[in-house]
Protein chains: 2
Amino acid sequence: MEGEDAEQRVLAAAEVLFYGQGIQAVGMDAIRTASAVPLKRLYQIFPSKDSLVEAYLRRRDARWLSELGEYVASHDSPTQRVLAVFDWLFQWFNEPDFRGCGFINSYGELGARSQPVAEIARAHKQAFRHYVADLVAAAEAPSWLADHLVLLAEGAMSTAAITGSAEPARQAKDAARILLRTARAEFGTAQPDQGSREK
Amino acid sequence: MEGEDAEQRVLAAAEVLFYGQGIQAVGMDAIRTASAVPLKRLYQIFPSKDSLVEAYLRRRDARWLSELGEYVASHDSPTQRVLAVFDWLFQWFNEPDFRGCGFINSYGELGARSQPVAEIARAHKQAFRHYVADLVAAAEAPSWLADHLVLLAEGAMSTAAITGSAEPARQAKDAARILLRTARAEFGTAQPDQGSREK
DNA sequence: CCAAGCGGAGAACGTGCGTTCTCTGCCAGA
DNA sequence: TCTGGCAGAGAACGCACGTTCTCCGCTTGG
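Parameters and conventions
- Residues numbered from 1 in each chain as written.
- Chains lettered and ligands numbered in written order.
- Predicted model: local features only at pLDDT ≥ 70, side-chain atom pairs only at ≥ 80, totals over all residues.
- Heavy atoms only, no water.
- Contact = heavy atoms within 4.5 Å.
- Buried area = accessible area lost by both parts, 1.4 Å probe.
- Salt bridge = Lys/Arg side-chain N within 4 Å of Asp/Glu carboxyl O.
- Polar contact = N/O pair within 3.5 Å; in protein donor to acceptor, adjacent residues only side chain to side chain.
- Helix = DSSP H or I, 4+ residues; strand = E, 2+ residues; numbered from the N terminus.
- Nonpolar A, V, L, I, M, F, W, Y, C, P; charged D, E, K, R; others polar.
- Domains from an automatic or database assignment.

This part covers the interface of chain A and chain B. Reports often express the size of an interface as the amount of accessible area lost when the parts come together. On the chain B side, the residues contacting the 40 residues of chain A number 40 residues. Sorting the residues of chain A by area buried against chain B places Tyr107, Leu151 and Ile162 of chain A first, and these three jointly supply 20% of that buried surface. Linking chain A with chain B are 0 salt bridges, by the criterion used here. For the pair chain A and chain B, the interface holds 13 residue pairs in polar contact (both at pLDDT 80 or more). Every element with two or more residues in the side of chain A that touches chain B is listed here: helix 1 (3-21), helix 6 (102-110), helix 7 (115-138), helix 8 (144-163) and helix 9 (167-187) of chain A. Among the elements that take part in the side of chain A that touches chain B, helix 8 of chain A stands out by supplying 13 residues, more than any other. The residue makeup of the side of chain A that touches chain B, split by class, is 17 nonpolar, 13 polar and 10 charged.

Dropping the structure here:
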């Protein structure tokens, strides 16, 4: 049974094309050609372009967070894990087809017209924030630090996309290190945890 | 002669519509209706939609930076000026038709297809970075602080757009305050003079 | 070997939109 | 007043694209 296979091929094609060129710039014909799934079958699986777009975003949301989580989990200390987020961003920005955050892009393109798209983007960013907040809590830093780190990460994505450089990830990591250190100092962290407590 | 007037009306309509709904979502007919400029005249002024889009972006670039500059200049001390950037963002985010950074949005929508759009977005972000760098230099902080503050500002724009809240501007300002304080402490602000000591 | 239906390939249809064209009325100058 | 052209309003054109339809070959059960 290749029904599953066809759906996966469509989603894979959609992700590459929608992310790489923008959603409105990609026609269903391009999806068909790239996935080698006939239009009839394509419309059996996804009854409209809108539904395919939503599926694309949901899939990307899940993959993005799981890849980030996997990378971060390979680090040991809570502090390292917080900073690993920015190392992962650096890697991502260096991928040749990096073109910014797919959710910010989709929101900018369709968010004003499509409530589902806006909602998925919002949910994705909220999930990311929660994930960072957990890392921050594990590193025994105040919860507002998570907001600051998220802003740095989001800014790095946009800036890296437009400038075409991965450097913003490094800059964001530097800033994150300073904020993390300062936050814990002000917070009066009882547990040094790494012995990396200065000042 | 109302030739000038027609052009201004077209640009005003284009800014509201393109920014508010996305570029591809707005047809030339909508521009015509909103500006009350007949299509014939419209195409005399802007020979194609692409050229109108570019004019829209260039005008928005100039206005955005000049409004920011005006607000910031109304503050006295160099430190206040640096932080005033985030107050201005807060005001902007609270405007009812705020929908994120028009350049990030345009880049996400068209940057992959249109080199001019990508170039204008890049130039805009570079100009913003230079502006912040000047403020940072005046506040006698190390130049890398400008990169950090720009990331916070960009992140605040995206996050405010997607969440629909102006709160990110406040969070970014808090983070900026910490980074500014820390940067000057580490930098040893003993010599006010130029503050141009690197790394 | 036959018939019935399923899946693939792409043509066809309707709509929206960027751009151009046509028609109509108005005003300048003789 | 007459005429020549200009500007406005919107129809028309061509194309792209989302969605549906048609045709055809293959398979599968009798």
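What follows deals with the domain arrangement of chain A. Residue and element names in this part refer to chain A. In terms of domain boundaries, chain A breaks down into domain 1 (1-47) and domain 2 (54-187). Counting residues at the interface gives 14 residues for domain 1 and 14 residues for domain 2. Buried surface at the junction of domain 1 and domain 2, both sides included, amounts to about 1,200 Å², of which 53% is carbon and sulfur. Three residues stand out in domain 1 for area buried against domain 2, namely Glu15, Tyr19 and Ile23, and they jointly supply 60% of the buried area on that side. For the pair domain 1 and domain 2, the interface holds 3 salt bridges. Taking the shortest distance from any N to any O, the salt bridge between Arg63 and Glu15 comes out at 3.5 Å. Along the lines of polarity and charge, the residues of the side of domain 1 that touches domain 2 split into 8 nonpolar, 5 polar and 1 charged.

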